[in-house]
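Structural overview for review
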Amino acid sequence: MQLLIEAIGFGIASGAVIALGAVGFSVQFGMSNVLNITYGSLMTLGAYIGLVLTDRGVNVWISLAIAGVVVGAVSVGFHRWLLAPLVRRGTRAFAIVIVTVSAGVVLQYVIVAFAGPDAKSYGEQSGQTFYLLGVVLTASQVAIIVLAAVLMLGLHLLLTRTTLGRAMRATASNRVLAQSCGIATDRISDIAWMLSGMLCGAAGVALAITTVSFDFTLGPIFLIPMIAAAVLGGIGQPYGAMLGGLVVGIASELAAAYTNPAYREVVAFGILVVMLLVRPNGLFGAAWATRRLMA
Amino acid sequence: MGIHRLRLASPLALATAFVLAACGGSGASSTPPTQTGPLSLGVIAPFTGPAAEFGTLLTAPCLAATDLINANGGVSGHQVNCTSIDDTGDPADAVPNVTKAIATTSNFDFAIGLESNTAATTVPLVNGAKIPFFTTNGLVAFTKNTYPYYYRMTPGDDANGAAFAVWAVQQGYKSVAIVFQNNIGSEGNLPGLTSAMPRLGGSIALNLTIPADSASYSAEVERVIAAKPDVLIWSADPQTTATFMGNYKSLNNGVLPPMVTATDSLTPDFFNAVTKVVGIAYVTSKIWLVGSYFDQTTPAFSTYKAALLADSKTHDIAPVLSTVGPPAGAYDGINIMALAMIMAKTTVGSYYNSYILQVVSPKSGAVVVNNFADGAKALAAGKQIQYIGVLGKPTFDKYHNSAGEFDANKFNSDGSATQVGTISGSQVLQLLG
């Protein structure tokens, strides 16, 4: 029983990191309908920006914020100058995915060229260990869970309570109609890519804190569980991605606690496949999203 | 009718066989054939693809050995060239490349490499071509094999596992937790370790296989803590190790268990990654690195290292190679094969192969030599020799495996290592049954 409670706690901590990245990924997809595989390498970029800053004595949480802003700006540029022109020229969706894969590989090796291929670390950042109702979490894990919760809540309020959020949802739902209603859809896209890029950069630093040691493959490795979380929640649905992240994280930790840990990801992805067989559009599929938009 | 033909054929076949045998159709008993021109030493390793670094690492000992051989008159007057044969690290892709090399390379008389990823397909090919070779693979499948041209001077992965157990018990640890990453190298250690531990009076408190590069190993760490082992027997890449040990430190109030791991982890990457997470004091005092014996104070090692430093192509990686066993085994293997050629008075593999064991076997009155030049000189003077190389005294079993001795090392604060004890190779082999 003790191990069960502990594993759920570890799962929430892992899930929070996955959710951070998955929400950003889902927002990007929802806004642009582009499966952006470069997202993984942008997370890696965030982790390395964090490394540069922490090596210079900057506090790791301030580094997280700065990395988020920088990766957000890079994401806007990436969308505006590479992906948007391809979409405008009618490039097929599959070809655009390949472009994002290629751009991700290029970015990954640019990072290697500057930082080298060996393992890096921010050093020990876990801080004090807390024991609460059988759950064991370090200070950094608690901070990441709180950070994820605050960012999710902020995103929720932005999307549902502000004019900007309504404009983003309208653009995501029907870009042409939104334009005809006077919404500056290009600007809205830029803002959406900035926000999702910020989540991506923050997720990269959070991942680097969690894994303790990382290299240039960090982002691409964790992109798969993040996409899984986004798909599980219903691709394009930020709330679904949050829940998807928690499901993937907790399933993975429970598998490690009670089965052969070598199969922890097999169990997590097995659950994903079964859930999608039951709910093909994810936990928060199209019908739920439509209701939210109409609200 | 058929019976008559058979009766006529039998004496004819006997006569044919007799004539062929008299003409020297087989074996070392007939006059050894001669070759002209330089000899080709095949370095069968990945030179392209993700494991291409291994080709570079194995070419270095080839260059070191052949530089010394050629500077000392070559093998019975033949200069020796290192020939790169790209096995790509893929067993299927290796087949056409190695087959082509065997068919087209002139005087292809010896080989090194044939590493774990491709050994299953390359070993039968090279053995079938009657080319003696010293392999660097650690696969347990070759611990008992039937290939007459096969030789291995580094321990099989199962022997490494048994050596981990011996060292842990020697340090007084009776209960171990085994945590290995799920890759072929790490998991190859398991059979030897799990078989040796009970025979040594120890017990296995927990045996976990973990995936690489997880975001967290907290659940696995909790299982290890709950098992209360005396020591952690570990094998994983630097990043996975750092993440796991970081989680362990957080979840166990900063207390970490002692660790026994492989000398494969004697790398700057492992040292830096783990030190940054758990601190230099733990890394230098609580981690033992166990692997094949590699004394860096012997004359054989001095010659090897000097040769690596002298060649501009190997100079830069000489410090790295100084701590890695398999390339040193390849260097020794080249010297042994070259001396066997001189002893057999031929460079043809099917003839000199039977002399390889004679080069290393102890004999009364034999001159102990530590390099090719001394061996060639002694043989020219009509003396018997016993080669003792960089990896020490080879003791080949009937399968041509020489696990050698094992040692345990500890990290120094600068990332280099110091040997802190030795483990008898014969004890390890006994534990494997």
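For clarity, every value in this text was computed on a predicted model and none was experimentally measured.

Overview of the overall build of chain A
Of regular secondary structure, chain A possesses 12 helices and 4 strands. In terms of C-alpha radius of gyration, chain A reaches 19 Å, essentially the compact-globule figure of 19 Å for 295 residues.

Quick word on the overall build of chain B
Helices and strands together make up the secondary structure of chain B, namely 18 helices and 14 strands. Relative to the globule expectation of 22 Å for 433 residues, the C-alpha radius of gyration of chain B, 24 Å, shows essentially globular dimensions. Projected onto its principal axes, the C-alpha coordinates of chain B cover approximately 85 × 60 × 45 Å. Here chain B, with 433 residues, has 51% of them falling under the buried criterion. Long-range contacts, defined as pairs at least 24 residues apart, comprise 70% of the intrachain contacts of chain B with a sequence gap of at least 6.

Regarding the confidence of the model for chain B
All names here are of chain B. Here chain B shows a mean pLDDT of 88. Residues at 70 or above account for 92%. For residues 1-29, every residue scores under 50 in pLDDT, and the model assigns this stretch 6 contacts once sequence neighbours within four places are set aside. Overall fold confidence for the complex sits at a pTM of 0.77, while the interface term, ipTM, reaches 0.84.

Quick look at the sheet that holds strand β5 (residues 150-152) of chain B
Across a sheet, strands are paired by hydrogen bonds formed along the backbone, either parallel or antiparallel in direction. Residues and elements named next belong to chain B. The 5 strands are arranged β2-β1-β3-β4-β5 in an open sheet whose pairing can be described as parallel. Two strands bound the open sheet, and with one partner strand each, they are β2 (80-86) and β5. On average, each strand axis in the sheet is tilted by 25 degrees relative to the strand beside it, whichever way the strands run. Bridge count between strand β3 (residues 108-113) and strand β4 (residues 133-135): 3 bridges; the pairing is parallel. Looking at the pairing, Ile112 lines up with Phe134 of β4.

Some remarks on helix α7 (residues 190-199) of chain B
All names here are of chain B. Considered for burial, the residues of α7 that qualify are Gly192, Leu193, Ala196 and Met197. Down the axis of α7, the sector holding all buried residues measures 120 degrees, keeping them to one side. The first or second residue beyond α7 is Gly201, which carries a positive phi of 85 degrees.

Focus: the interface of chain A and chain B
Taken together, the contact between chain A and chain B spans 33 residues of the former and 24 residues of the latter. Looking at the side of chain A that touches chain B, the elements that each hand over two or more residues are α1 (2-32), β3 (135-138), α8 (185-211), β4 (213-214), α9 (218-233), α10 (238-258) and α11 (264-278) of chain A.

Here we look at the sheet that holds strand β9 (residues 259-262) of chain B
Residue and element names in this part refer to chain B. Across the sheet, which stays open at both edges, the 7 strands sit in the order β7-β6-β8-β9-β10-β13-β14 with mixed pairing between neighbours. Two strands bound the open sheet, and with one partner strand each, they are β7 (203-210) and β14 (417-423). Pairwise comparison of adjacent strand axes, ignoring direction, gives a mean angle of 25 degrees for this sheet. Strand direction decides the pairing type here: β9 and strand β10 (residues 287-292), joined by 4 bridges, are parallel. Each residue of the ladder has a partner; that of Thr261, found in β10, is Leu289.

Structural notes on the domain arrangement of chain B
Residues and elements named next belong to chain B. Looking at chain B, the domain boundaries give domain 1 (39-155 + 298-355) and domain 2 (157-293 + 404-432). The gap between the C-alpha centroids of domain 1 and domain 2 is 30 Å. In this complex, domain 1 contributes 10 residues to the contact, which on the side of domain 2 involves 14 residues. Partitioned by chemical class, the residues of the side of domain 1 that touches domain 2 number 4 nonpolar, 6 polar and no charged.

Quick look at the environment of Gly37 of chain B
Residue and element names in this part refer to chain B. Note on placement: Gly37 falls in the loop between α1 (2-22) and β1 (39-45). Each C-alpha atom of the pair Gly37 and Asn107 lies 7.9 Å from the other, and the pair is 70 residues apart in sequence. Residues contacting Gly37, with those up to four places away along its chain left out, are Ser106 and Asn107.

Things to note about the nonpolar core
Residues Ala19 and Leu20 of chain A together with Phe133 of chain B are the most contacted members of the largest nonpolar core, which totals 220 residues. Per-element accounting of this core gives the leading share, 16 residues, to α1 of chain A. Residue assignment places this core across two domains, with domain 1 (39-155 + 298-355) and domain 2 (157-293 + 404-432) of chain B each supplying three or more. Leave out the neighbours within four places in its chain, and Ala19 of chain A touches Ala148, Ala229, Ala241, Met242, Gly245 and Leu246 of chain A.

Considerations on unusual backbone geometry
Unlike most non-glycine residues, Thr88 of chain B shows phi in positive territory, near 60 degrees. Tracing the backbone through its elements, the reader meets Thr88 of chain B in the loop between β2 and α3 (91-104).

A short note on the pairing of strand β13 (residues 406-411) of chain B
Residues and elements named next belong to chain B. In terms of burial, β13 is a largely internal element, 5 of the 6 residues being buried. Summarising the sheet, β10 and β13 pair through 4 bridges and their orientation is antiparallel. Among the inter-strand pairings, Ser292 is bridged to a residue of β13, identified as Phe406. Between the antiparallel neighbours β13 and β14 lie 5 residues, among them Gly415 with a positive phi of about 95 degrees.

Details of helix α10 (residues 268-278) of chain B
For α10 of chain B, the tally of buried residues reaches 8 of 11 residues, placing the bulk of the element in the interior. The set of residues buried in α10 of chain B consists of Phe270, Phe271, Ala273, Val274, Thr275, Lys276, Val277 and Val278 of chain B. Where α10 of chain B is buried, its residues meet β1 (120-121) and β4 of chain A together with α9 (238-251), α11 (280-285) and β13 of chain B.

With respect to the packing of helix α2 (residues 38-55) of chain A against α8 of chain A
The geometry of a pair of packed helices is captured by two quantities: the angle between their axes and the separation between those axes. Residues and elements named next belong to chain A. Across the interface, α2 lies against α8 with an axial gap of 7 Å and an inter-helix angle of 60 degrees. For the element pair α2 / α8, the angle class is oblique. The element α2 and its partner α8 pack so that their crossing is right-handed. For the pair α2 and α8, the contacting residues are Tyr39, Leu42, Met43, Thr44, Leu45, Gly46, Ala47 and Gly50 in the first and Gly197, Cys200, Gly201, Ala202, Ala203, Gly204, Val205, Leu207 and Ala208 in the second. Residue composition of the contact of α2 with α8, grouped by class: 11 nonpolar, 6 polar and no charged.

Conventions and cut-offs
Residues numbered from 1 in each chain as written. Chains lettered and ligands numbered in written order. Predicted model: local features only at pLDDT ≥ 70, side-chain atom pairs only at ≥ 80, totals over all residues. Helix = DSSP H or I, 4+ residues; strand = E, 2+ residues; numbered from the N terminus. Rg over C-alpha atoms; globule rule 2.2 N^0.38 Å. Buried ≥ 20, exposed ≤ 12 C-beta atoms within 10 Å, placed from the backbone. Contact = placed C-beta atoms within 7 Å. pLDDT = per-residue confidence, 0-100. Pairing = 2+ DSSP bridges. Axes fitted to C-alpha atoms, helices over the stretch in contact; angles between N-to-C directions. Arc of directions from axis to C-beta. Domains from an automatic or database assignment. Nonpolar A, V, L, I, M, F, W, Y, C, P; charged D, E, K, R; others polar. Core = buried A, V, L, I, M, F, W, Y, C linked by C-beta atoms within 7 Å. Parallel < 35°, antiparallel > 145°, perpendicular 65-115°, else oblique. Left-handed = near helix turned anticlockwise from the far one by under 90°.

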